[in-house]
Amino acid sequence: MDAGRKQVFQQEGCQGQVDSAESKLGKRHDLILLLFLGFAGLYAMRVNLSVAIVAMVRARPESQSLRDTEDVCPNPEVASENKHNPLKVESRGEFDWDEQTQGMVLGGFFYGYLLTNYLGGRLADRFGGRLIYGAGVTLTAFLTIISPSAARYSTNAFILVRVLEGMTEGVTYPATNVMISHWIPPQERARSISRSCGGTLIGTVITLSVSGWLTETEWGWPSVFYLSGFICLVWSWFWFRYAYDTPDDHPTISAAEKHYIRQSIGHHRGKMGQNVPWRSILTSVPFMTLVVAHVCHNWGFYCLLTELPTYLRNIQHFNMKQNGLISALPYMVMWVFNLTYSSYMDHLLETGKLSTKNIRKISMIIANHIPAAVLLLVPWVGCDRQRAVILICIALGSGGASTCGLHCGFQELAPNFAGTLTGISNTVATIPGFLAPAVTGMIINNQVSCFLLKNLSDYIHIIFVFKNSP
């Protein structure tokens, strides 16, 4: 905590309580844990299809011809078997979906996600984040459980369910920003966001690791959806039991912690339900800079999130179990870097060594431009599996710096409209979620295009980051 605030607390005779509340675990940390677990479940339900689709889809004749092109690495298993039945593992799939259909299935979630981000932000600003976040996770869980039945009924039904999942999940991230603006002091914000949103990475790691194994059990690919859905239903009980919109609403929070949060946040956070200043928002250069950074960052993240397992199978020829574990590895690296980097940035902010503005700028340079440079090398290393995986780990890992960049900016620009700003930005930044896999499927039948398009989006961002960052 900075010296100025401590002096104010001393004048009010509250220094001992503040130091205690600042250093000890409190109800705000319970909220961070619940958000962490909630995001882990949300991303488990989001990314389960990325691995499950590998087992769901029957190999097509054109997929075999791709293996003989210069863009595809030699398959060690096929070579050892004299190319006898090279598609035996993949041929078990139930669905005869070409690459374009797979792109629609993978992108369906993001079509729905695009529609409700702004709505979620407005509802959370008006009614509080607890109900909106909890309802989003619970409804997504129900839809995830019925996904296997929908897929077997028809492709269109499955796409519809994925769209609905995107709609119900789309309200959650804006609701999170609203709750954080009420609960988390500015000097704890970067690491708190990193810890809560770190659930997205852990959920991704666990899901990608376990899904490959589940698809090869007797329960098959449907178990991937059932498991993640039921776990999130269990989580929802704990959320509605222990989460509250504000410290004032919490029945068992200590007086010291409540006072610490109030004094740290100050009085800039007003009442919920205020009218949105649309003109100020739409003419705000710092906010538009956040949106551009958000879009560019999400292109690479979503492209790799949806296409990496298929790249590892079709191009590098990892089997299903290896595929899941290796797909999860970059997200584990990202999580570890995320926690370490955010704590260090908060330390630099608290000690006055770097300003908030400079931390946000540096973080987005790391999060966008290091991945852009590193991913350019992936096609260059070709069929060297180890180097390709290492480069992808570096690219995704460095992207974790974004939590100290754009993801902190919404609360800092307008705390009373954190949910609305997040909703607007996340709506636009969701477009890469369905556009990236669709464009990839149309350009070529493997995932090399992701690496090239990621660089294009990141270098667009460099135009904005130095001059216009908030």
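Right, let's walk through the structure included here. Owing to the predicted nature of the structure, the values given are computational and were not obtained by experimental measurement. (Residues numbered from 1 in each chain as written. Predicted model: local features only at pLDDT ≥ 70, side-chain atom pairs only at ≥ 80, totals over all residues. Heavy atoms only, no water.)

### What to know about the environment of V178
Put simply, the test is: Each helix is a run of H or I in the DSSP string that is no shorter than four residues. Each strand is a run of E no shorter than two, and both are numbered from the N terminus. Exposure classes here rest on a 1.4 Å probe applied to the protein chains alone. A residue is buried below 20% of its type maximum, exposed above 50%, and partly exposed in between.
Along the chain, V178 turns up in helix α10 (residues 172-183). Given the relative accessible area of 1%, V178 is considered buried.

### Brief notes about a nonpolar patch on the surface
Heads up, the condition is: Patch membership requires over 30% relative accessible area and the absence of a salt bridge. Like charges are linked within 9 Å, and nonpolar side chains (Val, Leu, Ile, Met, Phe, Trp, Tyr) within 5 Å. Only the protein chains shown count as covering a residue, and every accessible area follows the Shrake-Rupley method with a 1.4 Å probe. The salt bridge definition used is simple: a Lys or Arg side-chain nitrogen within 4 Å of an Asp or Glu carboxyl oxygen.
Taken together, the side chains of Y118, W278, L282 and M288 define a hydrophobic patch exposed on the protein surface, amounting to about 360 Å² of accessible area. Checked against the element boundaries, W278 lands in helix α14 (residues 278-282). Judged by its relative accessible area of 37%, W278 falls in the partly exposed class.

### Considerations on the packing of helix α3 (residues 27-56) against helix α9 (residues 155-169)
The cut-off we apply is this: To get an axis, fit a line to the C-alpha atoms, keeping to the stretch in contact for a helix; angles then go from 0 to 180 degrees between the N-to-C directions. Under this scheme an angle from 65 to 115 degrees is roughly perpendicular, one under 35 degrees roughly parallel, and one over 145 degrees roughly antiparallel; angles in between are oblique. When the near helix sits turned anticlockwise from the far one by under a right angle, the crossing is termed left-handed; a clockwise turn instead gives a right-handed crossing. When checking whether two residues touch, look at their non-hydrogen atoms; a contact exists if any pair is within 4.5 Å. Following the grouping adopted for this structure description, the nonpolar residues are Ala, Val, Leu, Ile, Met, Phe, Trp, Tyr, Cys and Pro, the charged ones are Asp, Glu, Lys and Arg, and the polar ones are all others, Gly among them.
Closest axis-to-axis distance for the α3/α9 pair is 10 Å, and the angle between their directions is 160°. With respect to α9, the element α3 is oriented roughly antiparallel. Read as a crossing pair, α3 and α9 show a hand that is left-handed. Judged by residue contacts, L42, M45, R46, N48, L49 and M56 of α3 engage F158, R162, E165 and E169 from α9. Classifying every residue of the contact of α3 with α9 gives five nonpolar, one polar and four charged.

### Re the environment of L396
Here L396 is to be found in helix α19 (residues 385-398). L396 sits 21 residues away from L375 along the chain, and the two C-alpha atoms are 9.5 Å apart. Sequence-distant contacts of L396, defined by excluding residues within four places in its chain, comprise F301, L304, P330, Y331 and M334.

### Regarding the packing of aromatic side chains
To keep things clear, this is the line we draw: To pair, rings of Phe, Tyr and Trp, with the six-membered ring standing in for Trp, must have centres within 6.5 Å; the planes then decide the type, stacked if under 30 degrees apart, edge-to-face if over 60, and tilted in the middle.
In total, this model carries 18 aromatic pairs according to the counting rule given. Here Y118 and W278 contribute two aromatic rings whose centre-to-centre distance is 5.5 Å and whose plane-to-plane angle is 45°, an arrangement assigned as tilted. In this pair, Y118 sits in helix α6 (residues 99-127) while W278 sits in helix α14, placing the two residues 160 residues apart along the sequence. Assessed through its relative accessible area of 31%, Y118 is described here as partly exposed.

That is the geometry; function is a separate question.
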